[in-house]
Amino acid sequence: MPDIDERRPIAVAMGDPAGVGPEVAARAWAARREHGLLPFVAIGDIAAIEAVWDGPVARVGDMEQVARAFDAALPVWHLEDSGPLTPGHPTAAGATCALHALETGIGLTRNGASDALVTGSVSKHALHGIGYTHPGQTEFIAERCGVTATNAVMMLAGPTLRVVPLTVHIPLAEVPERLTAELIAAKARIVARGLSRDFGIAAPRLAIAGLNPHAGENGQLGDEEIRIIAPAVAQLADEGIVIDGPLAADALFAPGIREQYDAILCGYHDQALAPFKALHFHDGVNLTLGLPIIRTSPDHGTAFDIAGTGRADPGPTIAAIAMAARMATARERSSAPAK
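Computed from a prediction, not measured in an experiment: that's the story for all the values here.

Asker: Help me out: how do you make sense of the overall build of the protein in this one?
Answerer: Secondary structure assignment for the protein yields 13 helices and twelve strands. Over its C-alpha atoms the protein spans a radius of gyration of 20 Å, differing by no more than 12% from the 20 Å that the globule rule assigns to 339 residues. Dimensions of the protein, computed from the C-alpha atoms along their principal axes, are close to 60 × 50 × 35 Å. Within the span of the protein, comprising 339 residues, buried residues form 53% of the whole. Relative to all contacts within the protein whose residues are 6 or more apart in sequence, the contacts with residues 24 or more apart total 73%. Put simply, the protein has 26 plus and 38 minus side-chain charges, and the middle of one group is 4 Å from the middle of the other.

Next comes the structure, spelled out in structure tokens:
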């Protein structure tokens with residue numbers, strides 16, 4: 001396994017150039033020594049950084065240049081001018097630049113030039129305006145990596161909690177019909193493999209929250225736990241995966257309980273993200289399991305309302321870069337031949 005000096009730089013796609021992505025990438029570089037960040041390269045329009053930051057910037061065109069420049073300046077892989085740029089005001093040209101940055105980051109990581117990909121936030125509205133048809137960046141990355149979108153599993157990870165929403169951006173009323181035993185089993189397998197491969201956890205311990213209050217009270221408050229969740233848990237246990245549930249969600253995230261598990265699976269978006277953000281609003285990382293590459297992302301949006309004001313918090317981006325590096329190390333160790 002290569003030592004720290006030989007690690008490949010991390011590719012950071014800056015996202016929409018009118019959002020906070022350029023600023024937080026620059027401020028992450030400024031805090032690189034404080035947080036022990038390994039070399040990374042910001043991908044996008046160099047003018048987007050220069051519009052919000054007056055620190056040193058080095059334009060690069062290959063990863064060897066990134067490693068050489070990183071100590072003295074923020075390496076930027078400049079793609080194209082995104083046209084007249086005003087922080088906080090997205091444009092079609094900016095959306096095109098964000099998409100090209102994403103594609104470049106995927107390519108660098110897939111071909112082994114980069115250890116991992118960190119994706120900045122994009123405007124889905126702006127992307128759809130230029131013909132982008134994917135629901136989000138995850139589905140686009142999965143497609144480019146030859147993975148079906150259903151096999152790309154979103155996890156939110158922080159220092160004390162990891163959660164997986166089994167259904168994501170759908171109306172709450174649709175959750176019971178979308179949540180099937182097959183879906184639960186498939187995603188739990190990916191989570192277990194991901195925890196082993198990307199986090200170095202030899203025997204992951206999973207929990208799954210009940211969908212209804214008090215996990216359904218034996219069917220009195222809903223029967224999804226009996227019909228859907230319990231059969232999936234039994235199947236996974238037969239396969240050797242350690243998983244408890246369905247457990248009452250109101251107590252599952254309490255101190256002394258959540259620490260027993262390496263990841264908690266939840267039925268719907270807010271069941272997972274509400275407790276997670278209460279604990280890790282500033283250091284939570286959005287990552288994707290089930291891909292051939294490592295992908296992390298800061299857990300926030302474009303924040304157009306504060307772009308260019310100097311108020312953007314670089315903490316989530318710093319956390320995403322640091323976690324990507326740790327995951328790359330764990331994955332390399334897991335794939336190394338046994339001695």
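Asker: I keep staring at the side chain of Arg 295 and nothing clicks. Help me out?
Answerer: Mapped onto the elements, Arg 295 comes out in strand S12 (residues 295–298). No salt bridge is formed by the buried Arg 295; its nearest oppositely charged neighbour, Glu 139, is found at 7.2 Å. Polar side-chain contacts of Arg 295 include one of 3.0 Å to the side chain of Thr 288. If near-sequence neighbours (up to four positions away) are discounted, Arg 295 is found in contact with Leu 117, Thr 119, Gln 137, Thr 138, Ile 141, Asn 286, Leu 287 and Thr 288.

Asker: It is not clear to me how the layout of surface pockets should be interpreted in this structure. Could you clarify?
Answerer: Regions of empty space are outlined by a rolling probe, equal in size to a water molecule, passed over the atoms. Considered as a void within the structure, the largest pocket measures approximately 960 Å³ in volume. Along the walls of the largest pocket sit 33 residues, with Thr 138, Glu 139, Met 154, Val 168 and His 169 positioned nearest its centre. Secondary structure elements with two or more residues in the lining of the largest pocket: helix H7 (137–144), strand S6 (153–157), helix H9 (181–199), helix H12 (269–280) and S12. Partitioned by chemical class, the residues of the lining of the largest pocket number twelve nonpolar, 14 polar and seven charged. Secondary structure elements with two or more residues in the lining of the second largest pocket: H9 and helix H13 (315–335). Ranked by the residues each element gives to the lining of the second largest pocket, the list is headed by H13, at six residues. Its residues placed into classes, the lining of the second largest pocket shows ten nonpolar, two polar and five charged.

Asker: It is not clear to me how empty space enclosed by the protein should be interpreted in this structure. Could you clarify?
Answerer: Under the defined criterion, the tally for this structure stands at three cavities of 30 Å³ or more. Every residue lining the largest cavity is counted, 13 residues in all, and those nearest its centre are Val 12, Gly 21, Val 24, Gly 120 and Thr 317. Looking at which element gives the most residues to the lining of the largest cavity, the answer is helix H1 (residues 21–30), with three residues. Here the lining of the largest cavity is built from residues that sort into seven nonpolar, six polar and no charged. Its boundaries defined by the atoms lining it, the second largest cavity holds a volume of some 40 Å³. Looking at side-chain class alone, the lining of the second largest cavity contains three nonpolar, no polar and three charged residues.

Asker: How do you make sense of the packing of H9 against helix H10 (residues 224–238) when you look at a structure like this?
Answerer: A pair of packed helices can be characterised by two numbers: the angle between their axes and the separation between those axes. Between H9 and H10, the least distance of the axes is 8 Å, while the angle of their chain directions is 40 degrees. In terms of their interaxial angle, H9 and H10 are classed as oblique. By crossing handedness, the relation of H9 to H10 is classed as right-handed. Taking contact as the criterion, the partners of Ala 181, Ile 184, Ala 185, Ala 188 and Arg 189 in H9 are, on H10, Ile 228, Ile 229, Ala 232, Gln 235 and Leu 236.

Asker: When you look at H12 in this model, what are you seeing that I'm missing?
Answerer: Owing to its 3.6 residues per turn, the α-helix brings residues three or four apart onto one side. For H12, spanning twelve residues, the distance from its first C-alpha to its last is 16 Å, which sits close to the expected 16 Å at 1.5 Å a residue. Taken residue by residue, H12 has Gln 271, Ala 272, Leu 273, Pro 275, Phe 276 and His 280 as its buried positions. Next to the buried residues of H12 lie S6, strand S7 (162–165), strand S8 (205–209), helix H11 (249–252), strand S10 (263–266) and strand S11 (285–289).

Asker: What is the right way to read the pairing of S7 from this model?
Answerer: Each regular strand displays side chains that alternate between the two surfaces of the sheet. By the bridge criterion, two bridges tie S6 to S7 in an arrangement that is antiparallel. Pairing of Leu 156 across the sheet is with Val 163, part of S7. Counting the residues between successive antiparallel strands, the hairpin from S6 to S7 contains four residues. Bridging between S7 and S10 involves three bridges; their strand directions are parallel. Within the sheet, the bridge partner assigned to Pro 165 lies in S10 and is Cys 266.

Asker: Looking at this structure, I do not really get the environment of Gly 88. What am I missing?
Answerer: Structurally, the position occupied by Gly 88 is in the loop between strand S4 (74–78) and helix H5 (92–110). Note: C-alpha distance between Gly 88 and Pro 17 (71 residues apart in sequence) is 8.9 Å. Those residues in contact with Gly 88 that sit more than four places away from it in its chain are Ala 18, Phe 304 and Ala 307.

Reading the values: rules and limits
Residues numbered from 1 in each chain as written. Predicted model: local features only at pLDDT ≥ 70, side-chain atom pairs only at ≥ 80, totals over all residues. Heavy atoms only, no water. Helix = DSSP H or I, 4+ residues; strand = E, 2+ residues; numbered from the N terminus. Rg over C-alpha atoms; globule rule 2.2 N^0.38 Å. Buried < 20%, exposed > 50% of the residue type's maximum accessible area, 1.4 Å probe, protein only. Contact = heavy atoms within 4.5 Å. Lys, Arg positive; Asp, Glu negative; His and termini not counted. Charge placed at Lys NZ, Arg CZ, Asp CG, Glu CD. Salt bridge = Lys/Arg side-chain N within 4 Å of Asp/Glu carboxyl O. Polar contact = N/O pair within 3.5 Å; in protein donor to acceptor, adjacent residues only side chain to side chain. 1 Å grid on protein atoms, 1.4 Å probe; cavity = no way out; pocket = protein on both sides within 12 Å on 5 of 7 lines; lining within 4 Å. Points joined across faces, edges and corners; volume = space filled by probe spheres on them. Nonpolar A, V, L, I, M, F, W, Y, C, P; charged D, E, K, R; others polar. Axes fitted to C-alpha atoms, helices over the stretch in contact; angles between N-to-C directions. Parallel < 35°, antiparallel > 145°, perpendicular 65-115°, else oblique. Left-handed = near helix turned anticlockwise from the far one by under 90°. Expected span 1.5 Å × (residues − 1). Pairing = 2+ DSSP bridges.

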